[in-house]
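An overview of the molecular structure
So you can see what is in the structure, the chains are spelled out below.
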Amino acid sequence: MAAEIEQTETSVDTRTPKRAKNPVSRSVVRPIRTFAVLAAVGALVTAIALPALATGAAPATASPATAQQIAAGHAQSIVVASEATAVAGTRGSFTATTPQEIEQKKAEAAAVAAAKAAAEAAAAKPTVASVRSSMAPIANPGQVIYPMAAGSYTLSDGFGAARSGRSHMGQDFAAPIGTPIYAAADGCVTISESSYGGYGETIELAHPALSGSAAISTLYGHMNYGSRAVGVGQCVTAGQYLGEVGNTGWVSGSCLHFEVLVNNTEIDPLAWLEVNVR
């Protein structure tokens, strides 16, 4: 028993003793490791931050821009010549705001244009008066004739017939509207009006060649609208076309109201014609 104990103690003593811990070496290693980790993190942060700082950083020498400088950089300017004058702007013809109003405006403009074109065409088209005024006279210069061709009229109210307020001062030649009227003798136009008193469309001629010691003139009333073929100051010859029978003025039917005046006083036209027609 004692021998076993002795053997056991001997075996124990022969084992390699364990190394004692070195507290100094561990205290040195830990700070080094911490420094290395921090260095690695710092290098990573630097690698990420430097490119961004390089692209957005302004030059070290540039001073910060003020709000006034930024506004001036985006400002716009315009140069106007001193001689320039204001010009009034023009607007379009249509001020409608709905499709229906626009179409109505277009239709009205088209109607105006059509009316204008029709008026221009009518003005360019020869009238009955202008065509007939080129007709050859039905008498020779110096003659005295009835103011209408034989067979184209009927004598109706004569000189002195009763009228409301006054006597009839001429001779009426009843005929259809449009029947030609001619100058009774050579003369010059002293009146050519569309509404001459109660006579309506009227022409008056002065006849110097027939006058002698008394001024003689003839008047043609109730003529058709627009048919007068001569104007004031124009001279005509016997039998020259003057216009057409109408019913203008104060009249109940279509006729020519014919007057003869001596020194501006009406006389019986038929009596004068019977003496002077040749």
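Rules and cut-offs
- Residues numbered from 1 in each chain as written.
- Predicted model: local features only at pLDDT ≥ 70, side-chain atom pairs only at ≥ 80, totals over all residues.
- Heavy atoms only, no water.
- Helix = DSSP H or I, 4+ residues; strand = E, 2+ residues; numbered from the N terminus.
- Contact = heavy atoms within 4.5 Å.
- Buried < 20%, exposed > 50% of the residue type's maximum accessible area, 1.4 Å probe, protein only.
- Salt bridge = Lys/Arg side-chain N within 4 Å of Asp/Glu carboxyl O.
- Pairing = 2+ DSSP bridges.
- Core = buried A, V, L, I, M, F, W, Y, C linked by side-chain atoms within 4.5 Å.

Let's shift gears to the overall build of the protein. Helices and strands together make up the secondary structure of the protein, namely 7 helices and 12 strands. For the protein, restricting intrachain contacts to residue pairs at least 6 apart in sequence, the fraction spanning at least 24 positions comes to 62%.

Most peptide bonds take the trans configuration, and most residues that are not glycine carry a negative phi. Its identity is not glycine, yet H222 carries a phi of approximately 65°, on the positive side. Within the secondary structure layout, H222 lies in strand β8 (residues 216–223). In this structure H222 comes out as buried when scored by relative accessible area, which is 5%. The backbone of N264 sits at a positive phi, close to 65°, despite the residue not being glycine. Along the chain, the position of N264 falls in the loop between β11 (255–262) and β12 (265–267).

Here the structure, examined in full by the defined rule, presents 1 salt bridge. Among the ionic pairs, E201 bridges to R228, the shortest N-O distance being 2.4 Å. Within this pair, whereas E201 is found in strand β7 (residues 201–206), its partner R228 is found in the loop between β8 and β9 (235–236), the two being separated by 27 residues in sequence. Its relative accessible area of 3% is what places E201 among the buried residues.

Counted residue by residue, β7 has 5 buried out of 6 residues, so it is predominantly covered. In the sheet, strand β6 (residues 187–193) pairs with β7 via 5 bridges, with the strands oriented antiparallel. Bridge pairing links I191 to E204 in β7. In the sheet, β7 pairs with β8 via 5 bridges, with the strands oriented antiparallel. When the bridges of β8 are listed, A206 appears paired with S217.

One finds I203, L205, Y220, L242, L256 and F258 to be the most contacted residues of the largest nonpolar core, which totals 24 residues. Of all the secondary structure elements, the ones that give two or more residues to this core are β7, β8, β11 and α7 (269–276). Residues A139, Y182, A238 and Y241 belong to the second largest nonpolar core, which totals 6 residues.

From the geometry alone we can't say anything about function, so treat these as descriptive.
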